[in-house]
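Each chain, letter by letter, is given below.
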Amino acid sequence: MRHDPANPVAPAGAPLLAIGGIAHSFGGFSVLRDVSIGVGAGRIVGLLGPNGSGKTTLFNIISGFLTPGAGSLSFDGREITRLDVQARSRLGITRTFQTPKVFESLSTRDNVALGFYKQTGAGVVESLIGSARSRREMADIRERSSALMTRFNLAALADAPAALLTAGQRRNLEIARALAGAPKLLMLDEPSTGLTRDEADALGQALKSLGNDAVTVFVVSHDMEFMRIVDVAHVLYFGEIIASGDMRTVQADPKVRQIYLGT
Ligand SMILES: Nc1ncnc2c1ncn2[C@@H]1O[C@H](COP(=O)(O)OP(=O)(O)OP(=O)(O)O)[C@@H](O)[C@H]1O
């Protein structure tokens, strides 16, 4: 658990994100029922489940796009259930979407660099007059953008407009930009969709290498192969968690085998 001087009461050993008894319905149709998951700091935690099982709905609730019908969320020891998307983002929760969002006309490098700006201290005026501080910050952003592009196999595309990138490259770009904002929790919705097997494997390795930087990753997918990167997996089925554990345990679970393999 990170030390937070503004929040000295966060209990030692508590998960970074605690999802407690979340339930949600759309017009009387129950989509999530009593879902409880703890996401430990520095881990890669996976949420698996077939189409329509409620994964994106849970992601929308955690990131603040939806208010749950019941249950609570705490992040870094704070109750966040009623906070809006921006407030959660300021606390360090960042997410990507099933369809990657990139700025088409900007270069790959500038797309990544944009992710850094909320951390800069120099204001617009300082940037315009090119103060020493703003020049230092720009040099720092350039260097850190290059490191992220290298990690996500985008270095050769640094000057290409994002509009020219393939689906897989866009996915990597969106994740690199999200990481530039130094999130505590990075939530990825179906990151391997549209990627070749090789691209998905490379992305998985890049995500695994983040562990050293103490970023916590919560990933939703129905791609069992990609999910081999997770430390802990939870399987959601018709709005309920039916299995939890490492991937080997989860894949051997009779209920999970029934759903995925019909055996
Ligand atoms: N805004 C909404 N209004 C009504 N029903 C919705 C809404 N959003 C989702 N649903 C329904 O809730 C259920 C769960 O959807 P959700 O997108 O959370 O599942 P999912 O596990 O992410 O599926 P997928 O893998 O297909 O994205 C589905 O039956 C879906 O049709």
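Residues numbered from 1 in each chain as written. Predicted model: local features only at pLDDT ≥ 70, side-chain atom pairs only at ≥ 80, totals over all residues. Heavy atoms only, no water.

1. A closer look at the site of the ligand
Quick note on the threshold: Summary of the distance rule: residues count as near a molecule or strand when at least one heavy atom falls within 4 Å of that molecule or strand. By the criterion applied in these results, polar contacts are pairs of N or O atoms within 3.5 Å in which, for protein atoms, one can donate a hydrogen and the other can accept it, and in which residues neighboring in sequence qualify only through two side-chain atoms. For the accessible areas, the method is Shrake-Rupley and the probe is 1.4 Å, while residue cover comes only from the protein chains on display. A run of DSSP states H or I qualifies as a helix once it reaches four residues; a run of E qualifies as a strand once it reaches two. Both are numbered from the N-terminal end.
Close contacts around the ligand come from 13 residues, with Gly-52, Gly-54, Lys-55, Thr-56 and Thr-57 the closest. Contact distances for the ligand include 3.2 Å between an oxygen atom and a side-chain N or O atom of Asn-51. Note that an oxygen atom of the ligand is positioned 2.9 Å from one of the side-chain N or O atoms of Lys-55. Burial of the ligand by the surrounding chains reaches 59%, relative to a free accessible area of 640 Å². Elements with a minimum of two residues in the shell around the ligand: β2 (29–39) and α1 (55–63).

2. Comments concerning the sheet that holds strand β4 (residues 70–75)
Stated precisely, the cut-off is as follows: Being paired, for any two strands, means DSSP has found at least two bridges between them. Contacts are residue-level and defined by heavy atoms, with any inter-residue pair within 4.5 Å sufficient. Helix axes are fitted to C-alpha atoms over the stretch in contact, other axes to C-alpha atoms as well, and angles between N-to-C directions run from 0 to 180 degrees.
Judged by pairing direction, the sheet is antiparallel, and its four strands sit side by side in the order β2-β1-β4-β5 without closing on themselves. Each of the sheet's edge strands pairs with one partner strand only, and the pair in question is β2 and β5 (78–79). As paired elements, strand β1 (residues 17–26) and β2 share seven bridges and run antiparallel to each other. Directly across from Ile-22, in β2, lies its bridge partner Val-35. The sheet strands contacting α1 are β1, β2 and β4, and the helix crosses β1 at an angle near 120°.

3. Considerations on helix α7 (residues 197–208)
To be explicit about the condition: One less than the residue count of a helix, multiplied by 1.5 Å, gives the span that helix is expected to have. Throughout, exposure labels follow a simple rule: accessible area from a 1.4 Å probe, protein chains only, divided by the maximum for the residue type, with under 20% read as buried, over 50% as exposed, and the rest as partly exposed. Note: the arc covers the axis-to-C-beta directions of the helix.
An ideal rise of 1.5 Å per residue puts 16 Å on 12 residues; α7 measures up with 16 Å between its terminal C-alpha atoms. Buried within α7 we find Ala-200, Leu-203, Gly-204, Ala-206 and Leu-207. Across the axial projection of α7, the buried residues extend over an arc of 160°, all falling on one side. Turned more than 90 degrees away from the buried face of α7 sit Asp-198 and Gln-205, all of them exposed.

4. Concerning the side chain of Arg-170
Take Arg-170: it is sitting in helix α6 (residues 167–180). Its relative accessible area of 17% is what places Arg-170 among the buried residues. A polar atom in the side chain of Arg-170 sits 3.3 Å from the backbone oxygen of Leu-165.

5. Section: the confidence of the model for the protein
So the rule is basically this: For every residue, the predictor reports its confidence as pLDDT, a number between 0 and 100.
Within the protein, residue pLDDT values average 87, and 87% of them lie at 70 or more. Across residues 1–11, confidence stays below pLDDT 50; counting only partners more than four residues off in sequence or on other chains, it has 19 contacts.

6. So, the environment of Val-102
Locating Val-102 in the fold gives a position in the loop between β6 (93–95) and α3 (108–114). The class of Val-102 is buried, set by a relative accessible area of 13%. Between the C-alpha atoms of Val-102 and Val-112, which are 10 residues apart in sequence, the distance is 9.5 Å. Those residues in contact with Val-102 that lie beyond four places of it in its chain are Asn-111, Ala-162, Arg-170, Leu-173 and Arg-177.

7. Considering the packing of α6 against α7
Spelled out, the test is: When describing relative orientation, an angle under 35 degrees is termed roughly parallel and one over 145 degrees roughly antiparallel, while 65 to 115 degrees is termed roughly perpendicular and anything else oblique. The nonpolar class holds Ala, Val, Leu, Ile, Met, Phe, Trp, Tyr, Cys and Pro. Asp, Glu, Lys and Arg form the charged class, and all remaining residues, Gly among them, are polar.
It is the contact of α6 with α7, at a shortest axis distance of 10 Å, that shows an interaxial angle of 10°. Classified by the angle their axes make, α6 and α7 are roughly parallel. Residues Gly-168, Arg-171, Asn-172 and Ile-175 of α6 lie in contact with α7, whose contacting residues are Glu-199, Leu-203 and Leu-207. The residue makeup of the contact of α6 with α7, split by class, is three nonpolar, two polar and two charged.

8. Overview of α6
For α6, spanning 14 residues, the distance from its first C-alpha to its last is 20 Å, which sits close to the expected 20 Å at 1.5 Å a residue. Counting buried residues in α6 gives 12 out of 14 residues, a clear majority hidden from the surface.

9. Thoughts on a nonpolar patch on the surface
Basically, it comes down to this: Patches here are clusters of residues that have more than 30% relative accessible area and form no salt bridge, with a 9 Å joining cutoff for like charges and a 5 Å cutoff for nonpolar side chains (Val, Leu, Ile, Met, Phe, Trp, Tyr). Within this document, salt bridges are pairs made up of a side-chain nitrogen of Lys or Arg and a carboxyl oxygen of Asp or Glu, the two lying within 4 Å of each other.
A cluster of nonpolar residues, Phe-103, Leu-114, Tyr-117 and Met-138, forms a patch on the protein surface that exposes about 360 Å² of accessible area. Tracing the backbone shows Met-138 in helix α5 (residues 132–151).

10. What to know about the pattern of salt bridges
Oppositely charged side chains can form a pair if their charged atoms are brought close together. Considering all chains together, one arrives at 11 salt bridges under this definition. Two residues, Arg-170 and Glu-104, come together in a salt bridge whose shortest N-O distance is 3.0 Å. With Arg-170 in helix α6 and Glu-104 in the loop between β6 and α3, the pair connects residues that are 66 residues apart, well separated along the chain. For Asp-201, the salt bridge is made with Arg-197, and the minimal N-O distance between the two is 3.8 Å. A residue pair is termed a helical-turn pair when its members lie 3 or 4 positions apart in one helix, as Asp-201 and Arg-197 do in helix α7 at four residues. When its relative accessible area of 35% is taken as the criterion, Asp-201 is described as partly exposed. Linked by salt bridges that have partners in common, Arg-197, Asp-201 and Asp-223 make up one network.

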